[in-house]
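Remarks on the overall topology
These are the residues of each chain, in order.
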Amino acid sequence: MPEVTFSTFKQFRRKVKARNEELEEALKEYFANGGIIRVQINSSKEWPKLIYPSERRLKYLIDKKREQRAELLRQKSQWQKRLQNAKLYHVVHFFKKYAEPVYWKHVAKLIIDSDYRHDATKVKLPAHLAGDERWKPMIKMFVENPEYRKQLCITFEESPIYRKNKKLARYSDQLLEFRKQESTRKIKELDAKIDALEKEVAILKKLLRWSRA
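Report on the accompanying structure. (Residues numbered from 1 in each chain as written. Predicted model: local features only at pLDDT ≥ 70, side-chain atom pairs only at ≥ 80, totals over all residues. Heavy atoms only, no water.)

Quick reminder: α-helices carry 3.6 residues per turn. Residues three or four places apart thus point the same way. In a regular helix each residue adds 1.5 Å, so 12 residues correspond to 16 Å; helix α4 (residues 101–112) covers 17 Å between its end C-alpha atoms and thus fits that length. Of all the positions in α4, only V102, Y103 and H106 are classed as buried. Considered in projection along α4, the buried side chains sweep an arc of 105 degrees and stay on one side of the axis. Those residues of α4 that are exposed and angled more than 90 degrees off the buried face are P101, I111 and I112. (Helix = DSSP H or I, 4+ residues; strand = E, 2+ residues; numbered from the N terminus. Expected span 1.5 Å × (residues − 1). Buried < 20%, exposed > 50% of the residue type's maximum accessible area, 1.4 Å probe, protein only. Arc of directions from axis to C-beta.)

Structure, rendered in structure tokens:
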């Protein structure tokens, strides 16, 4: 009873005339992924016995694929969390600002100090981000230090960086948008890899049942 090795479905079909629709589809995909098989052929009219990959080998491959899938799912979860954080950024900081004394100092100055109100309006001070540790020091300096405030207004007015976009927090907005786009891209990329692994596992499970027959 000869054993024959195949690396393409075309080769397999030349030697094996028996039909098994489920395994044929699995073999096409398996070969397309670079797989090889070795079978024992009793007759061209009988479905052959699978020699390689063995049951042990197939179990190992299935376990490895499942481990890879679990790792990809972990990565996807992290990117989903980053995306969710980016989407909720403004909502979260809308409420966080109320816990910051510097925000209330800003509000008070807006009411009683016309010069401060003019400067804050000019630079579009992102006081709503007072709860963000990256912005809090700058906002605090702006509120409490008149010299810093005036210098920032001059920089804002004269710097070419702000010429096209008169908004002090535009970098923050750009960074937020970048995080959303990057997270969405990575999630799609990981979804494609996870789908591919799930298909490979499904194929290997079909071969596993064949190896046990």
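Turning next to the nonpolar core. Within the largest apolar cluster, 24 residues are counted, with the highest numbers of intra-cluster contacts made by F6, F12, L27, F31, I37 and W210. Looking at this core, the elements with two or more residues in it are β1 (3–6), α1 (9–15), α2 (21–32), β2 (37–40), α3 (55–96) and α8 (170–212). Examining the composition of this core, we find that six residues originate from one element, α8, more than from any other. Leaving out residues up to four positions away in the same chain, F12 has contacts with F6, L27, F31, I37, W47, P48 and W210. Listed in part, the 20 residues of the second largest apolar core include Y103, V123, W135 and L176. (Core = buried A, V, L, I, M, F, W, Y, C linked by side-chain atoms within 4.5 Å. Contact = heavy atoms within 4.5 Å.)

Evaluated as defined, the whole model comprises 11 aromatic pairs. Look at F6 and F12: their rings are 5.5 Å apart centre to centre, the planes differ by 85 degrees, and that puts the pair in the edge-to-face class. With a relative accessible area of 0%, F12 lands in the buried category. The rings of F6, F9, F12, W47 and W210 are connected pair by pair, giving a single aromatic cluster. Just above the ring of F9 sits the side chain of K28; from NZ or CZ to the centre is 5.2 Å. Residue placement shows K109 over the ring face of Y116; its charged tip is 5.6 Å from the ring centre. (Phe/Tyr/Trp six-rings, centres within 6.5 Å; stacked < 30°, edge-to-face > 60°. Lys NZ or Arg CZ within 6 Å of the ring centre and 35° of its normal.)

Pairing between the strands of a sheet is mediated by backbone hydrogen bonds and can be parallel or antiparallel. Strand order in the open sheet made by the three strands is β1-β2-β3, with antiparallel pairing throughout. For this open sheet the edge positions go to β1 and β3 (49–52), each flanked by a neighbour on one side alone. Taking each pair of neighbouring strands and ignoring which way they run, the sheet shows an average axis angle of 35 degrees. Sheet topology note: the β2/β3 ladder contains three bridges and is antiparallel. The residue of β3 that forms the bridge with Q40 is K49. (Pairing = 2+ DSSP bridges. Axes fitted to C-alpha atoms, helices over the stretch in contact; angles between N-to-C directions.)

Following the sequence through the fold, E100 ends up in the loop between α3 and α4. Overall, the relative accessible area of 12% leaves E100 in the buried class. E100 has contacts with A130, G131 and K136, leaving out every residue within four places of it along the chain.

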